[in-house]
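# Coordinates in review
As a plain string of letters, each chain reads:
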Amino acid sequence: MRYTVITLFPNLVRPWLEESLLKKALERGLIRVEVVDLRAFGLGRHRTVDDTPYGGGAGMVIRPDVAVAALERALPADEVVLLSPAGRPFTQKVAEELAGKEHLVLLAGRYEGFDARVEAFATRILSIGDYVLMGGEVAALAVLEATARLVPGVIGDPQSHREDSFVRGLLDYPQYTRPPEFRGLRVPEVLLSGHHQEVERWRRQEALRRTLALRPELVARAPLSLLEARLLAEMDREE
């Protein structure tokens with residue numbers, strides 16, 4: 001899978017690619033990432049990339065001619081993703097859709113963002129949350145990580161991402177490791193029992209319990225299995 005990240009601050013992106021699983025995926029040729037400096041497409045002697053907004057207001061806006069010149073140099077691409085707090089929510093489902101593409105272009109803005117006309121050249125406008133960052137680099141890296149980990153071979157155990165939070169519409173169950181007791185907090189006995197069916201039941205119940213406690217709106221939308229529906233009914237009776 002190939003990525004092109006277009007940014008005014010390439011040195012914010014490149015170090016992220018030099019550690020952990022992304023570095024290994026790049027070394028093994030499972031993914032390719034090109035980081036494009038938007039400033040290289042700036043105008044005039046000073047490589048100007050932005051200008052004051054029409055109609056007045058604070059801040060500066062990235063010019064459409066500069067942004068599109070950088071974008072067109074990166075084409076062809078399967079998807080052009082513009083990162084913006086005004087975009088649609090970036091979800092696990094969207095990550096799975098994008099992970100099936102061959103080439104993603106990620107447009108990371110700065111200042112007051114891109115001139116609105118740049119949106120006409122994007123296939124998707126995505127937001128990683130209802131808040132405003134200093135720039136789109138963190139959001140672009142979030143999309144890169146969430147999709148790259150779904151590329152076959154990037155994660156050692158392919159089963160691990162099938163059990164992630166949000167894959168089945170619920171949060172993941174809580175995880176434990178050694179020691180069995182830490183500062184008076186014990187690992188649940190069922191996880192030490194060796195009874196795989198009971199462990200599976202416990203995990204599904206705790207995934208439901210955690211989702212109800214932290215993200216109850218997800219439960220109403222989740223496609224629950226028969227077992228999960230029974231567990232949910234039992235939990236309702238307990239209350």
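Note that the structure is predicted; figures quoted are calculated from it, not measured.

What counts and how
Residues numbered from 1 in each chain as written. Predicted model: local features only at pLDDT ≥ 70, side-chain atom pairs only at ≥ 80, totals over all residues. Heavy atoms only, no water. Helix = DSSP H or I, 4+ residues; strand = E, 2+ residues; numbered from the N terminus. Rg over C-alpha atoms; globule rule 2.2 N^0.38 Å. Buried < 20%, exposed > 50% of the residue type's maximum accessible area, 1.4 Å probe, protein only. Contact = heavy atoms within 4.5 Å. Lys, Arg positive; Asp, Glu negative; His and termini not counted. Charge placed at Lys NZ, Arg CZ, Asp CG, Glu CD. Phe/Tyr/Trp six-rings, centres within 6.5 Å; stacked < 30°, edge-to-face > 60°. UniProt positions renumbered as here; feature names shortened; annotations may be inferred. 1 Å grid on protein atoms, 1.4 Å probe; cavity = no way out; pocket = protein on both sides within 12 Å on 5 of 7 lines; lining within 4 Å. Salt bridge = Lys/Arg side-chain N within 4 Å of Asp/Glu carboxyl O. Pairing = 2+ DSSP bridges.

### A short note on the overall build of the protein chain
Regarding its fold elements, the protein chain presents 10 helices and nine strands. The C-alpha atoms of the protein chain give a radius of gyration of 22 Å, which is well past the 18 Å a tight globule of 239 residues would have. Principal-axis analysis of the C-alpha atoms places the extent of the protein chain at approximately 70 × 45 × 35 Å. Taking all 239 residues of the protein chain together, 41% fall into the buried category. Of all intrachain contacts in the protein chain linking residues separated by at least 6 positions in sequence, the fraction that spans at least 24 positions is 73%. Taken as two groups, the 32 positive and 35 negative side-chain charges of the protein chain have centres that lie 2 Å from each other.

### Overview of the packing of aromatic side chains
Taken as a whole and judged by the stated rule, the model has one aromatic pair. Centroid distance Tyr 176 to Trp 202: 6.4 Å. Interplanar angle 55 degrees. Geometry classified as tilted. Of the two residues, Tyr 176 is situated in the loop between helix H6 (158-162) and strand S8 (181-182) and Trp 202 in helix H8 (residues 196-214); the sequence distance between them amounts to 26 residues. For Tyr 176, a relative accessible area of 42% puts it in the partly exposed group.

### Thoughts on the UniProt feature "binding site: S-adenosyl-L-methionine" in the protein chain
Within this structure's numbering, the places UniProt gives as "binding site: S-adenosyl-L-methionine" are Gly 109, Ile 128, Gly 129, Asp 130, Tyr 131, Val 132 and Leu 133. Lining the second largest pocket, from the set of annotated residues above, are Gly 109, Ile 128, Gly 129, Tyr 131, Val 132 and Leu 133. Note that Gly 109 resides in the loop between strand S6 (103-108) and strand S7 (124-127). Aside from chain neighbours lying at most four places away, what touches Gly 109 is Ile 62, Phe 114, Gly 135, Gly 136 and Glu 137.

### Structural notes on the pattern of salt bridges
Overall, the coordinates contain 12 salt bridges when judged by the stated rule. For the salt bridge of Arg 117 with Asp 115, the shortest nitrogen-to-oxygen distance reads 2.7 Å. Its relative accessible area of 52% is what places Arg 117 among the exposed residues. Residue classification places Asp 115 among the buried positions, given a relative accessible area of 14%. When the shortest N-O distance is used, the salt bridge between Arg 186 and Glu 189 registers 3.0 Å. Connected through shared salt-bridge partners, Glu 79, Glu 97, Lys 101 and Arg 124 make up one network.

### Quick notes on the pairing of S6
The buried fraction of S6 is high, at six of six residues. Here S6 shows a buried face lined by His 103, Val 105 and Leu 107 and a second buried face lined by Leu 104, Leu 106 and Ala 108. In this structure, strand S1 (residues 2-7) lies alongside S6, joined through five bridges in parallel fashion. For Tyr 3, the partnering residue across the bridge sits in S6 and is Leu 104.

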